[in-house]
Amino acid sequence: MKNIYRHTKTTVSLINYHFVFCPRYRRKIFNIEGLERRFRELTVNECNRCGIEILDLECHADHVHIYVSTLPDISIPQIMRIIKDASSFVLREEFVELGAMPSLWTRNYLVSTENTLNPETIEWYVNTQKTRP
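Cut-off values and rules
Residues numbered from 1 in each chain as written. Predicted model: local features only at pLDDT ≥ 70, side-chain atom pairs only at ≥ 80, totals over all residues. Heavy atoms only, no water. Helix = DSSP H or I, 4+ residues; strand = E, 2+ residues; numbered from the N terminus. Rg over C-alpha atoms; globule rule 2.2 N^0.38 Å. Buried < 20%, exposed > 50% of the residue type's maximum accessible area, 1.4 Å probe, protein only. Contact = heavy atoms within 4.5 Å. Areas by Shrake-Rupley, 256 points an atom, 1.4 Å probe, with all protein chains shown as cover. Phe/Tyr/Trp six-rings, centres within 6.5 Å; stacked < 30°, edge-to-face > 60°. Salt bridge = Lys/Arg side-chain N within 4 Å of Asp/Glu carboxyl O.

## Topic: the overall build of the protein
- The secondary structure content of the protein amounts to 3 helices and 6 strands.
- Ordered by position from the N terminus, the helices and strands of the protein form the series β-β-β-α-β-β-α-β-α.
- A globule of 133 residues ought to have a C-alpha radius of gyration of about 14 Å, and the protein, at 15 Å, matches this closely.
- Dimensions of the protein along its principal axes, counting C-alpha atoms only, are 50 × 30 × 20 Å.
- Classification of the 133 residues of the protein by burial places 42% in the buried group.
- Partitioning the contacts of the protein with sequence separation of at least 6, the portion at a separation of at least 24 is 67%.
- With an accessible surface of roughly 7800 Å², the protein has 50% of that area assigned to carbon and sulfur atoms.

## Things to note about unusual backbone geometry
- If you check the backbone angles, Y25 has positive phi at about 60° while not being a glycine.
- When you line up the elements, Y25 lands in the loop between β3 (15-21) and α1 (35-50).
- One non-glycine residue with positive phi stands out, namely R26, at about 50°.
- Relative to the assigned elements, R26 resides in the loop between β3 and α1.
- Since its relative accessible area comes to 18%, R26 is described here as buried.

## Observations concerning the packing of aromatic side chains
- Applying the stated criterion to the full structure yields 6 aromatic pairs.
- Between F21 and W105, the aromatic rings sit 5.0 Å apart at their centres with planes inclined by 75°, giving edge-to-face as the arrangement. In this pair, F21 sits in strand β3 while W105 sits in the loop between α2 (76-94) and β6 (110-112), placing the two residues 84 residues apart along the sequence.
- On the accessibility criterion, F21 (0% relative accessible area) is buried.
- Through pairs of rings, three or more aromatic residues link up here, namely F21, F30, F39 and W105.

## Focus: the pattern of salt bridges
- Here the structure, examined in full by the defined rule, presents 7 salt bridges.
- For D62, the salt bridge goes to K28, with nearest N and O atoms at 3.9 Å. Separated by 34 residues along the polypeptide, D62 in the loop between β4 (53-60) and β5 (63-70) and K28 in the loop between β3 and α1 bring together distant segments of the chain.
- Judged by its relative accessible area of 8%, D62 is buried.
- Assessed through its relative accessible area of 48%, K28 is described here as partly exposed.

Any functional reading would require information beyond the geometric quantities listed.
Right, here's the structure in full:
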């Protein structure tokens, strides 16, 4: 884990966020062959383009952990929008199993400003996401 201050012309900052988010209905999308690799590729490319540094990225069957470092001009909702938008349309187009989904990700997410999320908190968040009836 890197704790390196980021410098711009007018700021020096160390802003790290740990996000956890799920696909709609907690579908186990990362069990689909090749989907995790493609999600990582899309996410890394878009984050690099936007100046968001990925410190760690882990995909589980039905949720994602991503730890990022960012500059102060990007808000928390913007980061989530960047990550989810970069992957949702492309993955639904490329993987027929997802084609019928109107959207890939829930609007919800868990965010912490430190990497101190304990396993119980993460489990609570993942379990409180709506499952398909």
